[in-house]
Amino acid sequence: MKNLEFGEDGVCRISLAGLPESSEIEELIEDYVTKVELLPYPLRIIFLDISELVHMQVRPRQVFSDLLIQASRQYAGKIQIVIAGGPPMIQKFTEILCKAIGFADKTHTFTTLEEGETWTGEHLKNGGVDT
């Protein structure tokens, strides 16, 4: 699986695994701009799959924060953020960051990847109405 996928359903799936380097996350930012912001599909959900993430060093965490801040400039309050799986501390960090940058009541955190995927599927099936 690629680190960033975006489809006609409006879901931008970002996957982080292992111990990502800053350069990997910087590539995500480039992919985000070219695959999400420049495509004709409306963004509905950013799905952060951190189920295989081990840890994130300070610099990659800063770059990752920049990616989410960039998304918030255009989409805060308009889209859903799903955080699925991964280490509890990184989940909590990501959740707090997302709420602080404008995704307050639109941030959803799930302990497992499966729970996040189930919620996303239900949300899309219900036409984007919160479930």
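This text follows the structure it describes.
Residues numbered from 1 in each chain as written. Predicted model: local features only at pLDDT ≥ 70, side-chain atom pairs only at ≥ 80, totals over all residues. Heavy atoms only, no water.

J.: So what's going on with the environment of Glu24? Which residues, and what values?
T.: Positionally, Glu24 belongs in helix H1 (residues 22–37). Take Glu24: its relative accessible area is 32%, and that puts it in the partly exposed class. Residues Glu24 and Phe64, 40 residues apart in the sequence, show an inter-C-alpha distance of 9.7 Å. Once residues within four sequence positions are removed from consideration, Glu24 is found in contact with Asn3 and Leu19. (Helix = DSSP H or I, 4+ residues; strand = E, 2+ residues; numbered from the N terminus. Buried < 20%, exposed > 50% of the residue type's maximum accessible area, 1.4 Å probe, protein only. Contact = heavy atoms within 4.5 Å.)

J.: Give me the lowdown on helix H4 (residues 113–125), citing residues and values where you can.
T.: Side chains three or four residues apart in an α-helix point the same way, a direct result of the helix having 3.6 residues per turn. Here H4 is 13 residues long and its end C-alpha atoms lie 18 Å apart, about the 18 Å a rise of 1.5 Å per residue gives. Regarding H4, the residues found buried are Leu113, Gly116, Trp119, Thr120 and His123. In an axial view of H4, the angular spread of the buried residues amounts to 130°, which keeps them on one side of the axis. H4 presents Glu114, Thr118 and Lys125 as exposed residues on the side facing more than 90 degrees away from its buried surface. (Expected span 1.5 Å × (residues − 1). Arc of directions from axis to C-beta.)

J.: Tell me about the packing of H1 against helix H2 (residues 58–75), and please be specific about residues and values.
T.: Across the interface, H1 lies against H2 with an axial gap of 8 Å and an inter-helix angle of 15°. When the axes of H1 and H2 are compared, the pair comes out roughly parallel. For the element pair H1 and H2, the recorded crossing hand is right-handed. Of H2, the residues touching H1 (which contributes Ser22, Ile25, Glu26, Leu28, Ile29, Tyr32, Val33 and Glu37) are Arg59, Pro60, Val63, Phe64, Leu67, Gln70, Ala71, Gln74 and Tyr75. Here the contact of H1 with H2 is built from residues that sort into eleven nonpolar, three polar and three charged. (Axes fitted to C-alpha atoms, helices over the stretch in contact; angles between N-to-C directions. Parallel < 35°, antiparallel > 145°, perpendicular 65-115°, else oblique. Left-handed = near helix turned anticlockwise from the far one by under 90°. Nonpolar A, V, L, I, M, F, W, Y, C, P; charged D, E, K, R; others polar.)

J.: Let's hear about the nonpolar core: which residues, and what values?
T.: Counting residues in hydrophobic clusters, the biggest one holds 30 residues, and the most contacted among them are Cys12, Tyr32, Leu43 and Ile46. For this core, the elements supplying multiple residues, two or more each, are strand E1 (4–6), strand E2 (11–18), H1, strand E3 (45–53), H2, strand E4 (80–84) and helix H3 (88–103). The dominant element in this core, judged by the number of residues it contributes, is H2, at six residues. When neighbours within four sequence positions are excluded, Cys12 is seen to be in contact with Leu4, Glu5, Phe6, Tyr32, Val36, Leu43, Ile45, Ile46 and Phe47. The next biggest cluster of nonpolar side chains, apart from the first, holds eight residues, and it includes Val82, Ala84, Leu113 and Trp119. (Core = buried A, V, L, I, M, F, W, Y, C linked by side-chain atoms within 4.5 Å.)

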